[in-house]
Structures are given as structure tokens and as C-alpha cells.
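Next come the chains, spelled out residue by residue.
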2 protein chains.
Amino acid sequence: MSVALVGAGPGDPGLITVRGLELLRACDVLVYDRLVAAELVAEAPASALRIARDRLEQEEVNALLVAHGRRGRRVVRLKGGDPFLFGRGGEEALALAGAGVPFEIVPGVSSLTAAPAAAGIPVTHRGSASAVTAFAAHDVEALDAAALARVPGTLVAFMGLARLARLVERLVTAGKPASTPSAVVAAATTDRQRVVSAPLGALPAAARGLPTPALVVIGEVASFRAELGAMRRSAA
Amino acid sequence: MSVALVGAGPGDPGLITVRGLELLRACDVLVYDRLVAAELVAEAPASALRIARDRLEQEEVNALLVAHGRRGRRVVRLKGGDPFLFGRGGEEALALAGAGVPFEIVPGVSSLTAAPAAAGIPVTHRGSASAVTAFAAHDVEALDAAALARVPGTLVAFMGLARLARLVERLVTAGKPASTPSAVVAAATTDRQRVVSAPLGALPAAARGLPTPALVVIGEVASFRAELGAMRRSAA
């Protein structure tokens, strides 16, 4: 196996998988995202080539993985969260498959569950939410707000903080009650974690100034924060 | 910290988190679900009290966690997937919080991403799906099929295999095209993994006889299986 697309988890370095850490510790080449914990980057062998993805276009990343993979190097592509949930892992996998380079997907703990959990919020809960919809909210105007406002269960917006006021406006206009319990979880599972909760209509004001990355959670389950939010969050 | 609700991941024992394994190896009491890999149960210390959850009602599990937690024992409650995504972790957390027993949530890799990934299917993909809705499908008649048929992106049904024909009928009647690429992934990331893919309308016939647990994936992304399905799946 030459290239592994590995999910690093939500932030806390202890939340990588055992398999992911094993591959990381044995790699020749590490290509990593900005959001990956420094502690995990440090787990690669001292001799490994380390490449930060920041300055590279997606096509350049794809080409890099193919090139190193073709030479038979053990390449780890380390991504925040899960490679296949808003991680663009599909694009890299298609590039590798197209080039005939063998690869492996090692899934990771996604912020989808881990960020709300770290704030005391279960995304599903018997009697409160038997569904959860995760969506990318960087392009707020492109969202089907009517469908999102109507789907039952919890809504979780990725990349929704930058234009939160407009996101909330669109959902409320489409029929989502402004009174819906909601929360924003920033820098989840790290030492910099911050959480605010408020009814949906008041969320933009409450969340002002929070850092990214941040997840927006909308639904009855957000009210559990009052009872469960005091727990210690997972930390390695 | 006395009680930890720990996600065991989707099946492959290598997909537990580093933090989860660390707690498991140091526990006094292990309460585990039927779907958790035997290799993980074996990781608890030989001296640990092992309790299979199978025969217990949820209220009995809650009481057990509270009782052992109160005595200050290091309790690990090991659940398939993620504790807070169809894992009933919220109910256990509320019981612990209500009893004043300190606890920790250690999120896990959910089948939501891991099962499709093991079949070569990214649940989101630029240009194909910028949202994913996960829903519990054990009570098919209770589903809001109209809302599910309309929400954009990928649909992922948990516990949907037993009444798959009726689930598909409801979605198609509500407007989901019968031609939508779809797949069922059974026993994902284990040696018993089986995958079938078919257009939504033909899925029930194609999936006949598959074992549980199984995840149903509905959406354009299911078509990536043709290109990505040949990869080796993650295995420890």
C-alpha cells in the first residue's frame, strides 16, 4: 500500500485512530493540512519528508500524492476530521485510482459528532432527533434553505461561521423557528475550544468573535448542553 | 474521571481512537455492545469486570454505569461507531450527569463515513454532494419521506436493511428518483464486509440476504464505487 488518506480527527491528537497513527509513524512522506495538530505531525519519523498542504492547490496535492506513490514511497495524507466528509478525499482518491496508484482510506473521527459532543450535545437523541444533516455552508446563497429548514432532526453546518448571520436569516425565512436551540463550537477538542449557545435567531450576535474552525449546531439537541456541557472534554 | 463513553469505531479494531484504547487498557469495568470487535474486548485488563450489554435494557445499562461510577471505578462503556450518533450515548450521559457521576465522551469513527468509504464511496464530494443526511430507518412508517426525498446531497440510512423495500418505496413515492445510484454496505470494515450497488429502485432485490449491521447509501456519490471500490479497505 503506497498512499493512505488518513483522518486525523477533530483536533485533539488522541482522537486519531490506532491504524492512522501506525501508518503515520511508518511513513516516508507526510502531506498534512493546516488544521492537523502539531503533535501528530511530530509523530512522523524524523527522516520523513513533511509537506504542508497550505500553499498548494488541490490539483498540486493530487499530483504530489501520485508522484510519491508511484515511486513506492509510504505516503500519508493527513487530513483534519474524516477524509470523506468535507475533506476532499474523494478527489485525491480519484486521482490515485486514475493513475493506478494503490491507496487506502483510513477514516477519522469527524467534527460532525466530536465537536457537538465536546460541548455536551449528542447530534441524535431518542425522542429529540433521529436524523442529522451535515452541510457545507461556505456558499450560503447556494444552499437549498427550504429543504434544510424542513428536514427533521439536527442541522450541522460546516464552514458556517463566516457568514452566520446570513445563514440564520435564510433558514429562518425558510421556516426554521428562530427559537430553535443552537450552538457554535469553535476549535473543538483543543485547548482553545470555545462554545456559545443561543436560540437560532440570537446565535450570530452570541457567536461574534469566535475563531475558526467552527461548527454550527441547530436543533433541540443543543439544549442538552445545559445538562451535559460541564463534563470534561476528551483530551489525550 | 470515572466513566468514559467510548466509540469503538465501525468494526475494524484498528479504527478505535488512541485515547479510547488507552482508557480501555486501564479500565476496571467494561460494558460493551454486541457489535464491538472481540479484539477490543480482549484489550481490557484480565482483571477487569466484563459486562455484555445484550441482555440488558437501556435503563439497566444506565443504572450499571452510575453504580460502578459512584464507587470510583474506571468504567469504559464501549459502543459501536460513535456514542452520540445513533449510539444512545446521550441517554447514558444524562443518567450520569443526573447522578453527579463525572464522565467523559470519547468520540469514535462512525459508520456514517467509514462504511461508505470502505466501499469506495465518499459521502460528500465537490460537485456531487455538499450535504449528507443520516437517519435511523428502523421505523420506516414514521419517516418524513417527503423531506428526506427533497433534502440535497447524500442520504445514509442506519438500520434500514430489514425493511429496505418499504424504505425505497416511500422515498421513490415521495419523489426520489428510482435511478439514484445507491449501495448497501454490510459488516463494513470487517472480514465479513459485503457491498452491493444498484439504482435505488433495484436496491432491495440486489441487497437480499445481506447480513446486518448494514448501511444504505443513496446519492450520486454511490457511483464512485465503480472507480474507487477496488481499493484495499482499512484493516489493522
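Residues numbered from 1 in each chain as written. Chains lettered and ligands numbered in written order. Predicted model: local features only at pLDDT ≥ 70, side-chain atom pairs only at ≥ 80, totals over all residues. Heavy atoms only, no water.

All names here are of chain A. Summed over all chains, the structure comprises 2 aromatic pairs over all chains. With centroids separated by 4.7 Å and ring planes inclined at 50°, the aromatic side chains of Phe86 and Phe158 adopt a geometry described as tilted. Residue Phe86 is found in the loop between strand 4 (75–79) and helix 4 (89–99), and its partner Phe158 is found in strand 7 (residues 154–158); the two are separated by 72 residues along the sequence. (Phe/Tyr/Trp six-rings, centres within 6.5 Å; stacked < 30°, edge-to-face > 60°. Helix = DSSP H or I, 4+ residues; strand = E, 2+ residues; numbered from the N terminus.)

Residues and elements named next belong to chain A. Partitioning chain A into structural domains gives domain 1 (3–106) and domain 2 (111–235). Computed from C-alpha coordinates alone, the two centres of domain 1 and domain 2 are separated by 28 Å. Every contact between the two is made by 7 residues of domain 1 and, on the other side, 14 residues of domain 2. Joining domain 1 to domain 2, the criterion identifies 0 salt bridges. Counting across the interface, domain 1 meets domain 2 through 1 residue pair in polar contact (both at pLDDT 80 or more). (Domains from an automatic or database assignment. Contact = heavy atoms within 4.5 Å. Salt bridge = Lys/Arg side-chain N within 4 Å of Asp/Glu carboxyl O. Polar contact = N/O pair within 3.5 Å; in protein donor to acceptor, adjacent residues only side chain to side chain.)

A few words now on the relation of the copies chain A and chain B. Expressed as a screw operation, the relation of chain A to chain B combines 0.0 Å of axial shift with a rotation of 180°, fitting to an RMSD of 0.0 Å. One copy is carried onto the other by what is essentially a two-fold rotation axis. Same-surface contact between copies: 100% of interface residues of chain A are shared with the interface of chain B. (Least-squares fit on C-alpha atoms with pLDDT ≥ 70 in both.)

Glancing now at the nonpolar core. Core analysis: the biggest nonpolar cluster contains 73 residues, and Leu96 and Leu112 of chain A together with Leu96 and Leu112 of chain B have the highest contact counts within it. Excluding its chain neighbours within four sequence positions, the residues that come into contact with Leu112 of chain A are Leu85, Val123, Val132, Ala134, Val156, Phe158 and Leu215 of chain A together with Leu112 of chain B. Counting residues in hydrophobic clusters, the runner-up holds 50 residues, among them Ala207 of chain A together with Val168, Leu171 and Leu210 of chain B. (Core = buried A, V, L, I, M, F, W, Y, C linked by side-chain atoms within 4.5 Å. Buried < 20%, exposed > 50% of the residue type's maximum accessible area, 1.4 Å probe, protein only.)

Moving on: the interface of chain A and chain B. Between chain A and chain B, the contact holds 57 residues from the first and 57 residues from the second. Where chain A abuts chain B, roughly 4,900 Å² becomes buried across the two surfaces, and 69% of that area is made up of carbon and sulfur atoms. Between chain A and chain B we count 4 salt bridges in total. The salt bridge partner of Glu91 of chain B is Arg126 of chain A, with a shortest N-O separation of 3.9 Å. Applying the counting rule to chain A against chain B returns 19 residue pairs in polar contact (both at pLDDT 80 or more). Of all the secondary-structure elements, those providing two or more residues to the side of chain A that touches chain B are helix 1 (18–25), helix 4, strand 5 (103–106), helix 5 (111–118), strand 6 (131–136), helix 6 (145–150) and helix 9 (225–228) of chain A. Per element, the largest residue contribution to the side of chain A that touches chain B is 6 residues, and it comes from strand 6 of chain A. Of the residues belonging to the side of chain A that touches chain B, the class tally is 37 nonpolar, 10 polar and 10 charged. When strand 6 of chain A meets strand 6 (residues 131–136) of chain B, the two strands line up antiparallel, connected through 5 bridges. Opposite Ala131 of chain A, over in strand 6 of chain B, you have Phe135 of chain B as the bridge partner. (Buried area = accessible area lost by both parts, 1.4 Å probe. Nonpolar A, V, L, I, M, F, W, Y, C, P; charged D, E, K, R; others polar. Pairing = 2+ DSSP bridges.)

All names here are of chain A. Cis geometry is found at the peptide bond from Thr212 to Pro213, where omega equals -5°. Within the secondary structure, Pro213 is located in the loop between helix 8 (203–206) and strand 10 (214–218). Backbone geometry places Thr189, a non-glycine residue, at a positive phi of 65°. Tracing the sequence through the fold places Thr189 in the loop between strand 8 (181–186) and strand 9 (194–199). For Thr189, a relative accessible area of 6% puts it in the buried group.

Right, let's get into the packing of helix 3 (residues 58–70) of chain A against helix 4 of chain A. Residue and element names in this part refer to chain A. The contact between helix 3 and helix 4 brings their axes to 9 Å, and the two run at 40°. When the axis of helix 3 is compared with that of helix 4, the two are oblique. Where helix 3 crosses over helix 4, the handedness of that crossing is right-handed. Facing Gln58, Val61, Asn62, Leu65, Val66 and Arg70 of helix 3, the residues of helix 4 in contact are Glu91, Glu92, Ala95, Leu96 and Ala99. (Axes fitted to C-alpha atoms, helices over the stretch in contact; angles between N-to-C directions. Parallel < 35°, antiparallel > 145°, perpendicular 65-115°, else oblique. Left-handed = near helix turned anticlockwise from the far one by under 90°.)

Here we take up the confidence of the model for chain A. On average, chain A scores 95 in pLDDT, and the residues at 70 or more come to 97%. Note on the complex model: pTM 0.96, ipTM 0.96. (pLDDT = per-residue confidence, 0-100.)

Bringing helix 4 (residues 89–98) of chain B into the picture now. When helix 4 of chain B is considered as a whole, its buried residues turn out to be Gly89, Gly90, Glu91, Glu92, Ala93 and Leu96 of chain B. For helix 4 of chain B, the elements touching its buried residues are helix 9 of chain A together with strand 1 (3–7), helix 3 (58–70), strand 4 (75–79) and strand 5 (103–106) of chain B. Downstream of helix 4 of chain B by a residue or two, Gly100 of chain B has a phi angle that is positive, lying close to 75°.

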